[in-house]
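# A structural walkthrough
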Amino acid sequence: PLRRAQTHAQGRLTACLAEATALIFQPLALVDGRLIDGISGDDLGAAPVPFPPTTESYSPQLAFQPAICPQCATELAGEAASRVQLCYHCQTVWEITEHGVVPCLAHFVPSPPEGTSLWLPFWTIEVRSEGFALQTWADLVELTGLPRVIQPWMKTRAFFFRIPAFKIRPDLFVLLTQQASLSPLPAQPPTTLPREPLYPVSLALAEANRSIGVALAALAPARKRLFTRIQGGRIRPVTAHVEYLPFLHTPTDLLQPDLNFALPASALTWARSL
C-alpha cells in the first residue's frame, strides 16, 4: 500500500510513506536470438547483445530473528508487526532492525489521573539545519511564524519533531504530527514498563525521517513565508527515540487529555493493514 502525507502552500511538499515494492521475475526463453515469453509463448523481439544464458536459479536468502531478549533471554512482548518489543523481565526495550535486535531508547509521557487505555508511539526526532535555524523552540516560532510569544525557556529548550510511528490516514498523520510536535509534553524513560497496551510501531524510523519536510510545513500557519525562509536550506535528522503518549478510550474517540485532542477511535481500525 502507498500512503501519502502532504501539505500545500504555493507549491507542494509530499512524502510517500510505507511503500510496498515487489521484485517480479519473468520466465523467458532464448530461441534463435529472440526472447520468447515463457508463459504466453509470445515473441518479445530480438534479445539484447550480449545476452549470456544462465542456469543459476534465484534463491532468496531469508533470515529469522528470534524474539528473545538479548540481555536475559526472556521472550519479548509485542505484536508481530511491531518494530519495538518489550522485555518485562529485565524492563528493557528493543528495536527489531535488519541488523538484529538492538537496544531502543523509549520515553513515556506521564499517564493522566484517569488512567491509560492505549499508548500510541511517536518517533521523536532532533534535527540539524543548514541555511536557517531550527535548534530551539524560539527558532521554531521565528521560522514558522507561529502566533506565540517567545518565552525565556524557548531560547534554551531543544525542539523535537514528534512523528507518528504507526500507519494512519494521511490527514490524521499530519494532524497528529502538528498536535504532538507543538506541545512540549514531558517524557522520561520509565522505571517500570506499563502493562497497558502499546500500539505497534509499524512505521520505520527511516520513513519518519523522510516526512520531516512535510512535518515542518504542517507546523507553519504562513507556509508561503516559511518556504521563502527555508529555500536553499537543508534539514537532516541527528538523533531519534520512540516516545509513547497515553490515550483514553471514550465511546467514540481516543482522547489525549494533555493535548486536549481527540482521535476518532475508528481511525485505528484499518491502520494495521495499511
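Bear in mind that the values here come from a model prediction, so they are computed numbers and not experimental data.

Here we come to the pairing of strand β6 (residues 84–87). Covered by surrounding structure in β6 are Val-84 and Leu-86 together with Gln-85 and Cys-87, the residues of both alternating faces. Here β6 pairs with strand β7 (residues 92–97) via four bridges, running antiparallel. Across the sheet, residue Gln-85 finds its bridge partner in β7, namely Trp-94. The hairpin turn running from β6 into β7, its antiparallel successor, is four residues long, and Gln-91 in that turn takes a positive phi close to 55 degrees.

What follows is about the packing of aromatic side chains. Enumeration over the complete set of coordinates arrives at seven aromatic pairs. Ring geometry for Phe-122 against Phe-166: centres 6.1 Å apart, planes inclined by 85 degrees, an arrangement best described as edge-to-face. Within this pair, whereas Phe-122 is found in strand β10 (residues 118–130), its partner Phe-166 is found in the loop between β11 (161–164) and α2 (170–181), the two being separated by 44 residues in sequence. Per residue, the accessibility class of Phe-122 equals that of Phe-166, and both read buried. An aromatic cluster is present here, built from Trp-137, Trp-153, Phe-159 and Phe-161 joined pairwise through their rings.

This next bit is on the sheet that holds strand β5 (residues 43–46). Within the open sheet, the three strands sit side by side as β3-β4-β5. Their pairing is antiparallel. Pairing within the sheet leaves two strands with one partner each, and these edge strands are β3 (28–31) and β5. Shown here is a sheet whose adjacent strand axes are inclined to one another by a mean of 25 degrees, direction ignored. As judged from the four bridges shared by β3 and strand β4 (residues 34–37), these two strands associate in the antiparallel manner. For Ala-29, the partnering residue across the bridge sits in β4 and is Ile-36.

Here we come to the packing of helix α1 (residues 137–144) against helix α5 (residues 223–230). It is at 8 Å that the axes of α1 and α5 come closest, and there the two elements cross at 110 degrees. It follows from the interaxial angle that α1 and α5 lie roughly perpendicular. Residues Glu-142, Leu-143 and Thr-144 of α1 pack against Arg-225, Leu-226, Arg-229 and Ile-230 of α5.

Time to look at the pairing of strand β14 (residues 261–264). The alternating pattern of β14 places Phe-261 and Leu-263 on a buried face and Ala-262 and Pro-264 on a face that is not buried. Taken together, the four bridges between strand β13 (residues 253–256) and β14 define a ladder with antiparallel strand orientation. Within β14, the residue paired with Gln-256 across the bridge is Phe-261. The loop that links β13 with its antiparallel partner β14 comprises four residues; one of these, Asn-260, has a positive phi angle of about 55 degrees.

This part covers the pattern of salt bridges. Enumeration according to the criterion identifies four salt bridges in this entry. Arg-128 serves as the salt-bridge partner of Glu-126, at 3.1 Å between the closest nitrogen and oxygen. Look at Arg-128 and you get partly exposed, because its relative accessible area is 30%.

Take the confidence of the model for the chain next. In the predicted model, the chain carries a mean pLDDT of 85, and the fraction of residues at 70 or more is 86%. When the criterion is pLDDT under 50, residues 1–11 qualifies, and its contacts beyond four places in sequence or with other chains add up to 47 contacts.

Reading the values: the criteria
- Residues numbered from 1 in each chain as written.
- Predicted model: local features only at pLDDT ≥ 70, side-chain atom pairs only at ≥ 80, totals over all residues.
- Heavy atoms only, no water.
- Buried < 20%, exposed > 50% of the residue type's maximum accessible area, 1.4 Å probe, protein only.
- Helix = DSSP H or I, 4+ residues; strand = E, 2+ residues; numbered from the N terminus.
- Pairing = 2+ DSSP bridges.
- Phe/Tyr/Trp six-rings, centres within 6.5 Å; stacked < 30°, edge-to-face > 60°.
- Axes fitted to C-alpha atoms, helices over the stretch in contact; angles between N-to-C directions.
- Parallel < 35°, antiparallel > 145°, perpendicular 65-115°, else oblique.
- Contact = heavy atoms within 4.5 Å.
- Salt bridge = Lys/Arg side-chain N within 4 Å of Asp/Glu carboxyl O.
- pLDDT = per-residue confidence, 0-100.

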